[in-house]
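A look at the structure
Each chain, written out:
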Amino acid sequence: SQLYGSGELAPVDDVPEAIPTRLDYINGASVFIRLEFLQSVGLMDEGYFLYYEELDWARQNRNRWQLTWEPRAQILHKEGLSTENSDFQAGKSLWPGKMIKSKMRSFRSKFRFVRRNYPLALPSMLLFQLLMVPIKFFCQLRGLVTRDQG
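Here's a quick rundown of the structure. Owing to the predicted nature of the structure, the values given are computational and were not obtained by experimental measurement.

1. Some words on unusual backbone geometry
- One non-glycine residue, Leu-50, adopts positive backbone phi at about 70 degrees.
- Locating Leu-50 in the fold gives a position in the loop between α1 (35-41) and α2 (53-61).
- You can call Leu-50 partly exposed: its relative accessible area is 35%.
- Backbone geometry at Tyr-52 places phi at a positive 80 degrees, although glycine is not the residue there.
- With respect to the helices, strands and loops of the structure, Tyr-52 is situated in the loop between α1 and α2.
- Tyr-52 sits in the partly exposed class, given a relative accessible area of 22%.

Here it is as structure tokens:
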């Protein structure tokens, strides 16, 4: 990924040692944790399906533990295999049913995350999501974005 844990973009030519090691959250594709972390923070919420669970876990941590990464580690993450979206990652067009299913799972997890962690922001998030549907549709019609990007 080209993102730091705080969401800042990392320059592609950055050497791993130059990237900050303290993170706001850790991508769930590869995680090593201490037993003491599990005992104090608990397990990930099983109500999520692939999206937002690591963000929620980091929020439950409440800065009790420092989240870091190992710059020498190399991980191969085959995105899309769990959701059958591997064609998307290979640059192929997705069957619309698979894409819609994946978007719905993502929305449900986003809704759960905001409701649990930022309940006052829930109406704004829902309104934004509702407004984005016609905007994305219009952009797709005009050829500004492809289905896979929207």
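2. Details of the pattern of salt bridges
- Counted under the stated rule, the structure contains three salt bridges.
- Notably, a salt bridge pairs Arg-112 with Asp-45, separated by 3.0 Å at the nearest N-O pair. With Arg-112 in helix α4 (residues 96-117) and Asp-45 in the loop between α1 and α2, this residue pair connects regions lying 67 residues apart in the sequence.
- On the basis of relative accessibility, which here comes to 23%, the residue Arg-112 falls in the partly exposed class.
- Put simply, Asp-56 and Arg-116 hold a salt bridge, and the shortest N to O gap is 3.1 Å. Of this pair, Asp-56 sits in helix α2 while Arg-116 sits in helix α4; the two residues are 60 residues apart in sequence, bridging distant segments of the chain.
- For Arg-116, a relative accessible area of 37% gives the class partly exposed.

3. Looking at the packing of aromatic side chains
- In the structure shown here, the tally under the stated rule is five aromatic pairs.
- Members of the aromatic cluster, joined through ring pairs, are Phe-37, Trp-57 and Trp-65.
- Stacked on the ring of Tyr-48, the Lys or Arg Arg-112 has its end atom at 5.5 Å from the ring centre.

Conventions we followed
Residues numbered from 1 in each chain as written. Predicted model: local features only at pLDDT ≥ 70, side-chain atom pairs only at ≥ 80, totals over all residues. Heavy atoms only, no water. Helix = DSSP H or I, 4+ residues; strand = E, 2+ residues; numbered from the N terminus. Buried < 20%, exposed > 50% of the residue type's maximum accessible area, 1.4 Å probe, protein only. Salt bridge = Lys/Arg side-chain N within 4 Å of Asp/Glu carboxyl O. Phe/Tyr/Trp six-rings, centres within 6.5 Å; stacked < 30°, edge-to-face > 60°. Lys NZ or Arg CZ within 6 Å of the ring centre and 35° of its normal.

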